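Spelled out from the first residue to the last, the chains are:
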Amino acid sequence: MRALAPWSTVRGRLLMLAIGIEILMLFVMVFNSLRLLHGAMTKQALWQAEQMSPVLIAALTAPLAQQDFATVQAVIDESRRAGGVKYIVILDSAGRRVASSGWGRDQALPPPSVRFELFQGTQAPRYDVLVPIAQTGQPLGTLHFGLDLSQIVSARHLLLLQGGTIAIIEVLLSTVILTLLGYWLTRHLVTLTKASLEVANGNLTPAPVREGQDDVGRLGAAFNMMSRAISERVRELTVAKEALQERARELEDLNLTLESRVQEEVAKNREKDNYLTQQEKMASIGQLAAGVAHEINNPMGFVTSNLSTLGKYLQRLEEFIAAQDEAIRKGGDDAGSDALSQTRKQLKIDHILDDGKQLIAESLEGGGRVQHIVQSLKNFSRVDQVQYSRVDLNECLETTINIAWNEIKYVATLRREFGVLPPVCCYPQQLNQVFLNLLINASQAIESSGEIVVRTWSDGEDVFVSVSDTGKGIPQEIINRIFEPFFTTKDVGKGTGLGLSISYDIIRKHSGEIAVESTPGAGTIFKVRLPVSQEACVA
């Protein structure tokens, strides 16, 4: 077992978490200190400006009013030499520079500072101030000066240096303390890990792990208890295994005796299998009989109703013709014509003529449906094709769909994806039985509503037919048994368990294959492969 990286161990992660929290707290502390320092320095700069402005204005008002610019220059030079000021510039009321100290004459004056910038990034930090000079309400000019912030910035650097040093020392000290604490807390984990590896490698009685009253000690006690329980359980399993092996030998001897009996029973059951196969065919026919009767009964119902209505219409037409003859016999006067029109309305002759055409059309359509169902039954049975013959599997599928339609239409929509197929040499009646079983199984697998897709395609010397549904699917643990005789998952009365078994035998008889794919809850796909040519096919 490879060694873990330091950051993958418990103590390594605890150490990194603690150091991260420590750094975060120090960052918050330093940030808050800088915020407070910024506020204090801003107030200090404003206070210095408020203290210096009245003094300079008082000294400059009189000489500026008298336009004694030499005195003005002397005053600002003396004020600048006193310290704390980077420059002083005096402008008259017209905005002309009349005196300056520490600022070039061609250099533009900076705008007044709005607030103190803690990190200016310049070599000479300052705070720019602009103050108007007036006497008895009469403006004399403006005073521009810049406070020297070098001392404030030096104090800032000193504070940052001291704070950073303290933070680094605190992080290093915390790292050392937390590392020692992590080693102390996890001192027994190495022993516990070694004992666990011994158990994993087969040593079920490793050396006991040190126990204690703390959390790690309790973990060691729990491990020792688990190790003893595993050892006892393995001993019990070993005894059970020996008893099971003895029982297996007894069952093997019994199995040899049963095999001979089974062979005898298989021979007896072959005749029963043939009988049950015929019963399955009869069950399919019986199941379809009700559906076919229902399909025929629907069109015959409205055909009978339409013929009854047509009989009533003919009776009314006879009455109208009699009234018409009576009107002609009387000479065709206006009174006779009006009576004839009134009779035409009462008997609804115009409606009878229109509705009669529709009734006849519906009756013809119903008769056509009955004829189509009868033809499908004839094609399905194919009593005239009991030997090998070449047929179109698409036609066989279409015929079988018509027969099984009453089982499908109430639970699913059916989609046909027929490809172009060459004629296949086969027993048509037997393949119809296979397709019928697959379609009925697909419809019974759908509980409420779903979709059934029937696809056909060809690939070289083979043709393929697939029937897929969106039903409940087949569990994987029984999917390999669905072709066994008598195996079924349907409710009692819905199947004998022989449908897929018979279909499997028929496809094998045609030198083909039948396969199934199923996803529980999603649906099932049955795929049939048949060769196009058969040696026994009748040309």
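Preceding this section is the structure that the text describes.
Just so it is clear, the model here is predicted, and its values are computed rather than measured. Throughout this document, residue positions are counted from 1 along each chain, in the order its sequence is written. Local features in this predicted model are restricted to residues of pLDDT 70 or higher, and side-chain atom pairs are both shown and tallied only at a pLDDT of 80 or more, whereas totals for entire chains, interfaces and linings draw on every residue. Water and hydrogen atoms play no part in the side-chain values, which are based on all heavy atoms of the structure.

(A) Layout of the nonpolar core. For our purposes a nonpolar core is just a set of buried Ala, Val, Leu, Ile, Met, Phe, Trp, Tyr and Cys residues, chained together by side-chain atoms within 4.5 Å. Burial classes follow relative accessibility: with a 1.4 Å probe on protein chains only, a residue under 20% of its type's maximum area counts as buried, one over 50% as exposed, and anything between as partly exposed. Core analysis: the largest hydrophobic core is formed by 44 residues, its most contacted members being Leu393 and Ile452. For this core, the leading source of residues is helix 9 (residues 428-445), giving eight residues. In what follows, a contact means two residues having at least one pair of non-hydrogen atoms within 4.5 Å. Ignoring anything within four residues of it in the chain, the contact list for Ile452 reads Ile408, Ala412, Thr413, Leu414, Arg415, Leu439, Ala442, Ser443, Ile446, Val467, Ser468 and Asp469. Leu34, Ala99, Val129 and Leu147 belong to the second largest nonpolar core, which has 27 residues in total. The helix count covers DSSP runs of H or I at least four residues long, the strand count covers runs of E at least two residues long, and both are numbered beginning at the N terminus.

(B) Local environment of the packing of aromatic side chains. Classification of ring pairs uses Phe, Tyr and Trp, with its six-membered ring standing for Trp, and accepts pairs whose centres are within 6.5 Å; under 30 degrees between planes counts as stacked, over 60 as edge-to-face, and the remaining range as tilted. Counted by the stated rule, this structure contains four aromatic pairs. An aromatic cluster is built from Phe483, Tyr504 and Phe526, whose rings are joined through pairwise contacts. Any Lys NZ or Arg CZ found within 6 Å of a ring centre and within 35 degrees of that ring's normal is scored as a charge over the ring. Above the ring of Trp457, the side-chain terminus of Arg455 is found at 4.5 Å from the ring centroid.

(C) Geometry of the sheet that holds strand 4 (residues 138-148). Following DSSP output, two strands are said to pair if at least two bridges run between them. Pairing is antiparallel in the open sheet, where four strands are placed in the order 2-1-4-3. Single-partner strands in this sheet number two, and they are strand 2 (97-101) and strand 3 (126-135). Looking at each pair of strands side by side, their axes are set apart by 15° on average, direction ignored. In terms of strand pairing, strand 1 (residues 85-92) meets strand 2 through four bridges, oriented antiparallel. Bridge pairing links Ile90 to Ala99 in strand 2. Simply put, an axis is a line fit to the C-alpha atoms, just over the touching stretch for a helix, and the angle between two N-to-C directions goes from 0 to 180 degrees. This element, helix 2 (residues 69-81), spans strand 1 and strand 2 of the sheet and lies at about 25° to strand 2.

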